[in-house]
Amino acid sequence: MKKAKNIITYNRLVYVVLVLAILLTLVAIILVVARHVDVEVKTEAEYKSLVLVESGDTLSKLLVEQGFNNTDVLQIAKVLKSDADISSLRADSDKIEFVRLGEKEPVSKIIVIPSPWRQVELTCDESGTWSCRKIDVEKDTRVMYKVGEILDGDSFYLAGIRAGIPAGILAEVYDLLAFEMDFERDVRAGQKFSVLYEENFSGGKKIDNGRVLAIEFEALRGNVKMYRFKKSDGKVGYYDENGNGAIKSLKRTPINNAKVTSSFSTSRKHPVLGYTRAHKGVDFRASTGTPIPAAGAGRVVARGYNNGHGNYVKIRHNGSYETLYAHMSRFAKGVVVGTNVKQGQTIGYVGSTGLSTGPHLHYEIIKDGKHVNPMTVKLPAISNLGKEDKANFIEHRKVLEEGMSKLKENPSWFIQL
Ligand SMILES: [Zn+2]
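Residues numbered from 1 in each chain as written. Predicted model: local features only at pLDDT ≥ 70, side-chain atom pairs only at ≥ 80, totals over all residues.

Participant: For this particular structure, what's the right way to read the overall build of the chain?
Facilitator: When its secondary structure is counted, the chain shows 6 helices and 23 strands. Across the 417 residues of the chain, 25% fall into the buried class. The long-range fraction of contacts in the chain, counting pairs at least 24 apart against all pairs at least 6 apart in sequence, stands at 60%. (Helix = DSSP H or I, 4+ residues; strand = E, 2+ residues; numbered from the N terminus. Buried ≥ 20, exposed ≤ 12 C-beta atoms within 10 Å, placed from the backbone. Contact = placed C-beta atoms within 7 Å.)

Encoded structure:
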């Protein structure tokens, strides 16, 4: 028995080696043919050189380097400004492609590329006059759906990367969910999540990420669902299944990903004072200098120093909510009493001023004059939908959900909505 098995294994090995040898020969032949074709195309094709604009580069400098004289340079700059509204180049962002009909020929075509989705082509006619036209870059937007699961000792970020979600999309998802959950304390092994989002392609190549269309997260307080929706007035927002605004007026954790080192409590032993007193906020560990974003839009009503809070800022968000940020190393430029701030705008930087044992952000939410627990307080949504928008939203949600269930069955697919 044993011998027979060995013989079979040996025969199989010989067979595999033979097949591999044939395949390699085929690949080699294809490569040779392909290379030959490539060379042929090159002799007939235009000669192209792509230049990335670097700091210190100007249009005229780059044109002179390509052999243009002053008359051409002036004319090209004039046409670019009047017909394409391009008057200067941005370093490390804009690209210019120069096309020649032969290696030693003068440039016959210039393509200015301010973004992957915007290109301007300049050509010269026989009389030596330059003109420009916009090139339509075909954008192929693909909707992807990825499902992930938190494993033991995992972070949401790691689980998302493992699920194949691009880092840029994950950062957006993080920001959207930060209103609803605390990633430090609410993430557990076994929780599943899914993201429906776009990737933009051109000529079969991925160029950049698109929008986050829907998110689902099995959170501790129940499933969190968010759908992106454009209202009839053109404003875009994220809504839950029922069309209620999913973005809360205040973030529970102003600094993403910061670890909670001390929770809200009505009695705790103060680390510096030694005796028991209420902890009216939540402490987040973060290194000195970390920017502190405003938890919501509002007006700065206090900015100063006291023995307990050190450097602190207080923001009034509406008639009932205020937030306070303490122990700052310094305030953000331009943030003074009376400044209107946007949600997410940096108001100061983490430090350890006042009664503090180390750098952290002490964050308080004050509702109708009383301190509440930022982690558990029910927060109002920024906006809900009117009747007509709501009906449209329900239809839109169905389309997104159909897309998700289709992609769930075929994870390698993408759809176009
Ligand atoms: Zn504190």
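Let us keep going from here.
Participant: What is the right way to read the sheet that holds strand β9 (residues 222–230) from this model?
Facilitator: Note: strands within a sheet are paired through backbone hydrogen bonds, in either parallel or antiparallel orientation. As summarised here, the arrangement of the 5 strands in space is β6-β7-β8-β9-β10, forming an open sheet in which the pairing is antiparallel. Single-partner strands in this sheet number two, and they are β6 (140–149) and β10 (236–239). Between one strand and the next, the sheet's axes are offset by a mean angle of 25°, whatever the strand orientation. Pairing geometry for strand β8 (residues 205–219) and β9, over 6 bridges, is antiparallel. Note that in β9 the partner of Ile 215 across the bridge is Met 226. Relative to β8, helix α5 (residues 167–177) is tilted by about 35°, and along the sheet it contacts β7 (192–202), β8, β9 and β10. (Pairing = 2+ DSSP bridges. Axes fitted to C-alpha atoms, helices over the stretch in contact; angles between N-to-C directions.)

Participant: Hey, could you run me through the pairing of strand β2 (residues 95–100) in this one?
Facilitator: Each regular strand shows side chains that alternate between the opposite faces of the sheet. Sheet analysis places strand β1 (residues 47–52) next to β2, joined by 6 bridges and oriented antiparallel. Bridge pairing in β2 places Val 51 opposite Ile 96. When β2 meets strand β3 (residues 107–115), the two strands line up antiparallel, connected through 6 bridges. Within the sheet, the bridge partner assigned to Lys 95 lies in β3 and is Ile 113. Taking the residues that link successive antiparallel strands as the turn, the β2-β3 hairpin has 6 residues.

Participant: Honestly, the environment of Thr 353 in this entry has me stumped. Any pointers?
Facilitator: Inspection of the secondary structure puts Thr 353 in the loop between β21 (346–349) and β22 (360–367). C-alpha of Thr 353 to C-alpha of Asn 311: the two residues are 42 residues apart in sequence and 6.2 Å apart in space. Setting aside chain neighbours within four positions, we find Thr 353 in contact with Gly 310, Asn 311, His 327, Met 328 and Ser 329.

Participant: I would appreciate a short explanation of the sheet that holds β21 in the present structure.
Facilitator: A sheet is described by the order of its strands in space; here 3 strands give the open sequence β15-β21-β19, paired in antiparallel fashion. Pairing within the sheet leaves two strands with one partner each, and these edge strands are β15 (291–293) and β19 (330–331). Of the pairings in the sheet, the one linking β19 to β21 comprises 2 bridges and is antiparallel in character. Bridge assignment links Arg 330 to a residue of β21, and that residue is Tyr 349.

Participant: Which parts of the structure should I look at to understand the nonpolar core?
Facilitator: Where a protein is soluble and globular, its nonpolar side chains tend to be buried together. Grouped together as the largest cluster of nonpolar side chains are 30 residues, with contacts concentrated most on Val 195 and Ile 215. Breaking this core down by element, the ones donating at least two residues are β6, α5, β7, β8, β9, β10 and α6 (387–409). When near neighbours in sequence (up to four residues on either side) are disregarded, Ile 215 contacts Val 173, Leu 176, Leu 177, Val 195 and Met 226. Ranked by size, the runner-up nonpolar core spans 28 residues in total, among them Ala 258, Tyr 312, Tyr 321 and Tyr 363. (Core = buried A, V, L, I, M, F, W, Y, C linked by C-beta atoms within 7 Å.)

Participant: Quick question: what am I supposed to make of the environment of Lys 95 here?
Facilitator: Structurally, the position occupied by Lys 95 is in strand β2. Taking the C-alpha atoms as reference, Lys 95 lies 9.6 Å from Pro 116; in sequence the two are 21 residues apart. Setting aside residues up to four positions removed in sequence, Lys 95 forms contacts with Leu 50, Val 51, Leu 52, Val 53 and Ile 113.

Participant: Mind showing me how you'd approach unusual backbone geometry here?
Facilitator: Across the chain, the bulk of peptide bonds are trans and the bulk of non-glycine residues have phi less than zero. The phi angle at Asp 85 is positive, at roughly 60°, despite the residue not being glycine. As for its position among the elements, Asp 85 is in the loop between α3 (70–84) and β2. A positive phi is found at His 327, a non-glycine position, where the angle reads about 70°. Mapping His 327 onto the fold places it in strand β18 (residues 321–328).

Participant: Honestly, α5 in this entry has me stumped. Any pointers?
Facilitator: The periodicity of an α-helix, 3.6 residues per turn, causes residues three or four places apart in sequence to face the same way. Within α5 the residues assigned to the buried category are Ile 169, Leu 170, Val 173 and Leu 177. Down the axis of α5, the buried set is contained in an arc of 100°. They therefore lie on one face. Among the exposed residues of α5, those pointing more than 90 degrees away from its buried face are Ala 167 and Gly 168. Buried residues along α5 sit in contact with α4 (156–162), β7, β8 and β9. (Arc of directions from axis to C-beta.)

Participant: Whenever I open this one, the confidence of the model for the chain confuses me. Can you help?
Facilitator: Caution applies to low-pLDDT regions: their predicted coordinates should not be interpreted in detail. Residues with a pLDDT of 70 or more make up 88% of the chain, whose mean pLDDT is 86. Considering each helix and strand of the chain separately, the mean pLDDT is smallest for helix α1 (residues 2–44), with a value of 55, and largest for β19, with 98. When the criterion is pLDDT under 50, residues 1–5 qualifies, and its contacts beyond four places in sequence or with other chains add up to 0 contacts. Between residues 32–43, whose pLDDT stays under 50, and residues either more than four places distant or in other chains, the model counts 0 contacts. (pLDDT = per-residue confidence, 0-100.)

Participant: Which parts of the structure should I look at to understand the pairing of β10?
Facilitator: Where β9 lies against β10, 4 bridges are found, and the strand directions are antiparallel. Among the inter-strand pairings, Lys 230 is bridged to a residue of β10, identified as Val 236. Connecting β9 to the antiparallel partner β10 that follows it, the hairpin turn spans 5 residues, and Gly 234 within it adopts a positive phi of roughly 90°.

Participant: So what exactly am I meant to see when it comes to α3 here?
Facilitator: With 15 residues, α3 should reach 21 Å at 1.5 Å per residue; the first-to-last C-alpha distance of 20 Å fits that figure. Looking one or two residues past α3, Asp 85 carries a phi angle of roughly 60°, positive in sign. (Expected span 1.5 Å × (residues − 1).)

Participant: Teacher, can you tell me more about the environment of Leu 62 here?
Facilitator: Assignment of secondary structure puts Leu 62 in helix α2 (residues 59–65). Residue classification places Leu 62 among the partly exposed residues on the basis of 18 C-beta atoms within 10 Å. Filtering out sequence-adjacent residues up to four positions away, Leu 62 remains in contact with Val 51, Asp 57 and Ile 96.

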